[in-house]
Amino acid sequence: MIFVENLHKSFDGSPVLNGISTSFEKGKTNLIIGQSGSGKTVFLKCLLGLFTPDEGNIIYNGEAYAEMDDVKKRDLRQDMGMVFQGSALFDSMTVEENVMFPLKMFTNNPISEMQERVDFVLERVNLVDAHHKFPSEISGGMQKRVAIARAIVNNPKYLFCDEPNSGLDPKTAIVIDNLVQEITQEYDITTVINTHDMNSVMEIGQKIVFLKDGYKAWEGSNKEIFKTDNEAVTNFVYSSELFKKVRQMYIEERN
Amino acid sequence: MKYFEAIGKYFLMIREVFSRPTKWGIMKNLILKEVDDLIYGSLGILIFISFFVGGVVAIQTALNMDSPLLPKYLVGFATRQSVILEFAPTFISIIMAGKVGSYITSSIGTMRVTEQIDALEVMGVNALNYLVFPKITAMLLYPFIISISMFLGILGGWTASVLGGFSTSAEFIDGLQIDFKPFHVFYAFAKTVVFAFILATIPSFHGFYMKGGALEVGKASTTSFVWTSVVIIIINYIITQMLLG
């Protein structure tokens, strides 16, 4: 679990995050949603330790990140996997080398063992024939799968994804969503996904935190989001006619 | 104030580069790759420029010696002094600021823009050590290519002088040997080592801390070239004053 307590962050005097408190549960896909500029990416980067919060605490395993010494922070980071919006694969390395990178960096396993693990995770993300290709030679969807493989190769306890569906066609987006959810449950990890893809919200949002102008405006599950009458959430989530109809059908079905 | 902040940040970066080292098995390959990119990859342009500029120095010297009382060996003497003292260590370093420096800034800057540096940091890798240390280590071979530049500059001078009929081969070689001070070679290599460090670190600084997108990568490369050149010129003046003044 990850607990967040009263998180504040500002840049050049402009507040971006205003006292956010929430928790992200183990074995669940936790989603951070909100409009562009609502502070989602800054929030995610604070969770990753890439930004230092001005105030508040992020608690991993019962220990505040800010109070950890450098060694503990480094150890914690080795328990984190991250899927970046643009995949952030190392373009000078092949798919296989990208996935093997965390193993080479942080383990002393023999190369045959590392190779076995790489083959396993690449197969897990349904990439069996791209080992020797460079990131520039594969599609965006495949790059996302390589990024997921790299993020989970070292058996992380925490998986973070920054808009994993951006730039993907709807079918591939569903494949990526399902893959992330399966991996989360299979390995019992705490997954935090930053997204504004409503399909992801409806499909895999086991815990949803809605941000508006740097404030937490709502939190709940994908079941609860159908029922909520929180105006900020309904304006954002049900802005399209399609989702309005889906919600209507859901309510009618429940009644 | 902005400049003082940048200077402070640069020295903090240097400290970080030498802390938390990457595993030797990985670092070894990174260093070899940088030797290939930064040193071996620069040899072609360095050979070309050194040979022809050496030739031009010899021709210019010969053409400016109007008095018949001036001995012909002065062409060789002037070529040697120009090439060893300034052309090879300083002029070539300015060229390398453009060639190697812009490569370093743009490659690290692109990694920043595409979040590859963030990916390294999230994994717990010391990104500065991983990216900059191999470049500094590879640049330890920089004096070696400067010695090639010295040799080729003088060879270019000899070729131009002999083929152009400005002096005989024997006169040119006499000039190379007259009043030779080994300390001048030490001075040249001493400043080359400092320039190598500057060439590896200032472009890395501009690439690592850049913000923005593709356009800013281009701007960072230009800024990096300007500042690397300025620092090389200033350091050249300081070292010359200290060692020869």
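These numbers were taken from a predicted model, which means no experiment stands behind them. (Residues numbered from 1 in each chain as written. Chains lettered and ligands numbered in written order. Predicted model: local features only at pLDDT ≥ 70, side-chain atom pairs only at ≥ 80, totals over all residues. Heavy atoms only, no water.)

Participant: Lay out the overall build of chain A in plain terms, naming residues and giving numbers.
Facilitator: For chain A, the helix and strand inventory stands at ten helices and ten strands. In summary, chain A has a C-alpha radius of gyration of 19 Å against a globular reference of 18 Å for 255 residues, a match within 12%. The C-alpha extent of chain A, read off along each of the three principal axes, is 55 × 40 × 30 Å. For chain A, with 255 residues in total, the buried portion stands at 53%. Contacts in chain A between residues at least 24 apart in sequence constitute 64% of all its contacts with a sequence separation of at least 6. If you sum the accessible surface of chain A, you get close to 11700 Å²; carbon and sulfur atoms cover 47% of it. Charge centroids of chain A, computed over 27 positive and 37 negative side chains, lie 2 Å from each other. (Helix = DSSP H or I, 4+ residues; strand = E, 2+ residues; numbered from the N terminus. Rg over C-alpha atoms; globule rule 2.2 N^0.38 Å. Buried < 20%, exposed > 50% of the residue type's maximum accessible area, 1.4 Å probe, protein only. Contact = heavy atoms within 4.5 Å. Areas by Shrake-Rupley, 256 points an atom, 1.4 Å probe, with all protein chains shown as cover. Lys, Arg positive; Asp, Glu negative; His and termini not counted. Charge placed at Lys NZ, Arg CZ, Asp CG, Glu CD.)

Participant: Would you mind going over the overall build of chain B in detail, with residue names and values included?
Facilitator: A tally of helices and strands in chain B yields ten helices and zero strands. Taken from the N to the C terminus, the helices and strands of chain B come in the order α-α-α-α-α-α-α-α-α-α. Principal-axis analysis of the C-alpha atoms places the extent of chain B at approximately 70 × 40 × 35 Å. When each of the 245 residues of chain B is scored for burial, the buried share is 48%. Sequence separation of at least 24 residues holds for 85% of the intrachain contacts in chain B that already meet a minimum separation of 6. Split by element, the accessible area of chain B, about 11700 Å² in all, is 73% carbon and sulfur. Within chain B, one finds 16 positive and 14 negative side-chain charges whose respective centroids are separated by 6 Å.

Participant: I'd like a description of the UniProt feature "transmembrane region" (unreviewed entry) in chain B, backed by residues and values.
Facilitator: Here the UniProt-annotated "transmembrane region" (unreviewed entry) positions come out as residues 38-63, 83-104, 140-164, 185-205 and 225-244 of chain B. Between the end C-alpha atoms of residues 185-205 of chain B there is a gap of 30 Å, over a span that is 100% helix and 0% strand. (UniProt positions renumbered as here; feature names shortened; annotations may be inferred.)

Participant: Talk me through empty space enclosed by the protein; I want residue IDs and the actual numbers.
Facilitator: Counted according to the given criterion, the structure contains one cavity of 30 Å³ or more. Of the voids in this model, the largest cavity is the one considered here, and its volume is about 150 Å³. Looking at the lining of the largest cavity, the elements with two or more residues in it are β6 (80-83), α3 (95-106) and α5 (140-152) of chain A together with α5 (116-123) of chain B. Residues that form the lining of the largest cavity fall into these classes: ten nonpolar, three polar and two charged. (1 Å grid on protein atoms, 1.4 Å probe; cavity = no way out; pocket = protein on both sides within 12 Å on 5 of 7 lines; lining within 4 Å. Points joined across faces, edges and corners; volume = space filled by probe spheres on them. Nonpolar A, V, L, I, M, F, W, Y, C, P; charged D, E, K, R; others polar.)

Participant: Could you give me a rundown of the layout of surface pockets, with the residues and numbers involved?
Facilitator: Size it by volume and the second largest pocket reaches roughly 750 Å³. Surrounding the second largest pocket, 25 residues form its lining, Ser-92 and Met-93 of chain A together with Leu-30, Lys-33 and Tyr-130 of chain B being those nearest its centre. Secondary-structure elements contributing two or more residues to the lining of the second largest pocket are α3 of chain A together with α2 (24-39), α4 (74-113) and α6 (127-138) of chain B. Of the residues forming the lining of the second largest pocket, the biggest block, six residues, is contributed by α2 of chain B. Split by residue class, the lining of the second largest pocket holds twelve nonpolar, six polar and seven charged.

Participant: Can you explain a negative patch on the surface? Please cite residues and give values.
Facilitator: A cluster of acidic residues, Glu-113, Glu-116, Asp-119 and Glu-123 of chain A, forms a negative patch at the surface. Summarising the element assignment, Glu-113 of chain A is placed in helix α4 (residues 111-124). (Patch = residues over 30% accessible without salt bridge, like charges linked within 9 Å, V, L, I, M, F, W, Y side chains within 5 Å. Salt bridge = Lys/Arg side-chain N within 4 Å of Asp/Glu carboxyl O.)

Participant: Outline the interface of chain A and chain B, supporting the account with residue identities and numerical values.
Facilitator: In this assembly, 23 residues from chain A lie in contact with 17 residues from chain B. Both sides together, the interface formed by chain A and chain B hides about 1800 Å², and carbon and sulfur atoms give 64% of it. On the surface where chain A and chain B come into contact, there are one salt bridge. Between Asp-118 of chain B and Lys-45 of chain A there is a salt bridge, with the nearest N and O atoms lying 3.5 Å from each other. Summed over the shared surface of chain A and chain B, the number is six residue pairs in polar contact (both at pLDDT 80 or more). For the side of chain A that touches chain B, the secondary-structure elements that each account for two or more residues are α1 (40-48), α2 (70-77) and α3 of chain A. With five residues, α3 of chain A is the largest single contributor of residues to the side of chain A that touches chain B. For the side of chain A that touches chain B, the residue count by class is twelve nonpolar, five polar and six charged. (Buried area = accessible area lost by both parts, 1.4 Å probe. Polar contact = N/O pair within 3.5 Å; in protein donor to acceptor, adjacent residues only side chain to side chain.)

Participant: So what's going on with the environment of Glu-123 of chain A? Which residues, and what values?
Facilitator: Residues and elements named next belong to chain A. Inspection of the secondary structure puts Glu-123 in helix α4. Taking the relative accessible area as the measure of exposure, Glu-123 reaches 54% and is therefore exposed. Sequence separation between Glu-123 and Leu-168 is 45 residues, and the spatial gap between their C-alpha atoms is 21 Å.

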